[in-house]
Amino acid sequence: MELLTDIPVKRVYRSRVMEVDFNNLEFGKYVSDHMLVCDFKAGEWQLPVIVPYANLSMSPASLALHYGQTVFEGMKAFRMHDGHINIFRLEKHYERFARSLERMCMAVPPQEMFTEGLLKLVSTDKSWVPQQAGCSLYLRPFVFASEARFGVKISDEYRFIIITGPVPELYAKPIRVKVETNYVRAAKGGTGFAKCGGNYGGAYYPTQLARKQGYDQVLWTDAKENKFIEESGMMNVMFVLNNKLVTPPLSDSILDGITRDSLLTLAAGLGYETEERPVSIAELENAFRNNTIREAFGAGTAAVVAPIDTICIGDTDYMLPAYGPQSLLNRVKDGLQKIRLGLSEDIYGWNRVI
Ligand SMILES: *Cc1c(COP(=O)(O)O)cnc(C)c1O
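Please read these numbers as outputs of a predicted model, since none were measured by experiment.

## Focus on a nonpolar patch on the surface
On the surface, L56, M58 and L65 cluster together into a nonpolar patch covering about 260 Å² of accessible area. Mapped onto the secondary structure, M58 falls in the loop between β3 (49–52) and α1 (63–67).

## Topic: the nonpolar core
Formed by 48 residues in total, the largest nonpolar core has its most connected members in I87 and F160. Of all the secondary-structure elements, those providing two or more residues to this core are β1 (34–41), α1, β5 (75–79), β6 (85–88), α2 (90–103), α3 (111–124), β7 (136–145) and β8 (158–167). With 6 residues, the top contributor of residues to this core is α3. Core analysis: the next-biggest nonpolar cluster, separate from the first, contains 45 residues, F78, M238, L266 and I281 among them.

## With respect to the domain arrangement of the protein chain
Split into domains, the protein chain comes out as domain 1 (17–167) and domain 2 (175–340). Look at where the C-alpha atoms of domain 1 and domain 2 centre, and you get two points 27 Å apart. Listed by partner, the interface residues are 22 residues for domain 1 and 21 residues for domain 2. Summing both sides of the interface, domain 1 and domain 2 together bury roughly 1900 Å²; the carbon and sulfur share of this comes to 59%. It is F72, R96 and R103 in domain 1 that bury the most area against domain 2; as a group they hold 31% of the surface buried on that side.

## What to know about the site of the ligand
The environment of the ligand is formed by 15 residues, the closest being K195, Y200, E231, T259 and T301. At 2.8 Å from an oxygen atom of the ligand is found a main-chain nitrogen or oxygen belonging to I258. The separation between an oxygen atom of the ligand and a polar side-chain atom of T301 is 2.6 Å. Starting from 380 Å² of accessible surface for the ligand in isolation, the protein chains cover 97%.

## Re the pattern of salt bridges
Once their charged atoms are close, side chains differing in charge can pair, the charge on each being opposite to the other. Enumeration over the complete set of coordinates arrives at 19 salt bridges. Here D261 and R89 are joined by a salt bridge, their closest N and O atoms 2.7 Å apart. Taken together, the residues span a long stretch of sequence, with D261 in helix α5 (residues 258–269) and R89 in the loop between β6 and α2 at a distance of 172 residues. Two residues, K153 and E147, come together in a salt bridge whose shortest N-O distance is 2.6 Å. Overall, the relative accessible area of 26% leaves K153 in the partly exposed class. Through salt bridges with shared partners, one network takes in K244, E273, E275, R277 and E283.

## Quick word on unusual backbone geometry
The phi torsion at C105 lies on the positive side, around 55 degrees, for a residue other than glycine. As for its placement among the helices and strands, C105 is situated in the loop between α2 and α3. Taking the relative accessible area as the measure of exposure, C105 reaches 45% and is therefore partly exposed.

## As for the pairing of β8
Most of β8 sits inside the fold, with 8 of its 10 residues counted as buried. Here β1 pairs with β8 via 5 bridges, running antiparallel. Across the sheet, the residue bridging to D39 is R159, located in β8. With 10 bridges connecting them, β7 and β8 associate as antiparallel partners. What sits directly across from P141, in β8, is I162.

## Structural notes on the packing of α5 against helix α7 (residues 328–341)
It is the contact of α5 with α7, at a shortest axis distance of 9 Å, that shows an interaxial angle of 105 degrees. Compared by their axis directions, α5 and α7 come out roughly perpendicular. Here α5 contributes S262, L263, L266 and A267 to the contact with α7, which in turn contributes V332, G335, L336 and I339. Partitioned by chemical class, the residues of the contact of α5 with α7 number 6 nonpolar, 2 polar and no charged.

## As for the packing of aromatic side chains
In the structure shown here, the tally under the stated rule is 14 aromatic pairs. Here the aromatic rings of F88 and W350 are separated by 5.7 Å at their centres, their planes lie at 75 degrees, and the arrangement is edge-to-face. Of this pair, F88 sits in strand β6 while W350 sits in the loop between α7 and β17 (351–353), placing them 262 residues apart in sequence. Each ring, one from F142 and one from F144, has its centre 6.3 Å from the other, and the planes form 20 degrees; the classification is stacked. By relative accessible area, which is 8% here, F144 ends up buried.

Rules of the game
Residues numbered from 1 in each chain as written. Predicted model: local features only at pLDDT ≥ 70, side-chain atom pairs only at ≥ 80, totals over all residues. Heavy atoms only, no water. Patch = residues over 30% accessible without salt bridge, like charges linked within 9 Å, V, L, I, M, F, W, Y side chains within 5 Å. Areas by Shrake-Rupley, 256 points an atom, 1.4 Å probe, with all protein chains shown as cover. Salt bridge = Lys/Arg side-chain N within 4 Å of Asp/Glu carboxyl O. Helix = DSSP H or I, 4+ residues; strand = E, 2+ residues; numbered from the N terminus. Core = buried A, V, L, I, M, F, W, Y, C linked by side-chain atoms within 4.5 Å. Buried < 20%, exposed > 50% of the residue type's maximum accessible area, 1.4 Å probe, protein only. Domains from an automatic or database assignment. Contact = heavy atoms within 4.5 Å. Buried area = accessible area lost by both parts, 1.4 Å probe. Near = heavy atom within 4 Å. Polar contact = N/O pair within 3.5 Å; in protein donor to acceptor, adjacent residues only side chain to side chain. Pairing = 2+ DSSP bridges. Axes fitted to C-alpha atoms, helices over the stretch in contact; angles between N-to-C directions. Parallel < 35°, antiparallel > 145°, perpendicular 65-115°, else oblique. Nonpolar A, V, L, I, M, F, W, Y, C, P; charged D, E, K, R; others polar. Phe/Tyr/Trp six-rings, centres within 6.5 Å; stacked < 30°, edge-to-face > 60°.

What follows is the structure in structure tokens.
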């Protein structure tokens, strides 16, 4: 492959960045001026290009539309206090992207293309990286099966695209979650660990039912017995039980969240005990009865930390106390933010400064 630092850029004639109300961002509303596109054809990746963001032209027979070979990543770039921009945990996102793509029998873009493509795309659209506290540039790399053929088959052609857009901080307000024991998101041996589109499609219906009952999200349980907590389906879940940070262990039905990993690392660094172990519904009920549960929160790139104030188990709404600045969730969230903004030392090597 040619030198990727030479990825050609076809610039927009006129930027749309002036149309963005950076003080009132909404998640997913704005897309930056440019996107990276690269096709996989005849057994190899072609040269990537950065072009103005635009609609795609594709065949209605594109395999992704019928049989679901689609995989994405969700990551962020931050404006640091000194004005530099950094991309958070680039390598770890690439590794997960590759694992997801392999599970779906899809072509994996080479690591240099992923890395150089992101660096160059973010530099091209650097005026889109928000300055506002808590805001960031969301990065969405994805691959889909682009071969036009309507028989069921593994696609021989793929398209790798990266789009980006400025986003606010999500879930500042605590959320209400419902423990789901009828529907499941992922089963042992399935695709739960992969960031593939179908996992989301299948989760909508039960999530919609929970919304109608007044909850924001479901907490999925294991597919075999519906006894153990898994995750929320766009976030991993963490609890403070007996003053320890506890989260279910990774498995093929739980997504390996990068926020989860970062928060476990930061909490340990702050001196908290951390445990990755199964958490049963019964344990949560007991912990509410005995007052040994102090915190519950979702962890994911979009929200970073989503504090939970209510957990519905069966017919009972269990409440959690309000979270002050000394709560674990606020301390790890602040610790993460400080590293990302360059306000504290990046001791874990998470920032890729552009
Ligand atoms: C993306 C995602 C998460 C969170 O992962 P992060 O890397 O922290 O953003 C959790 N669960 C599911 C199902 C996801 O798709």
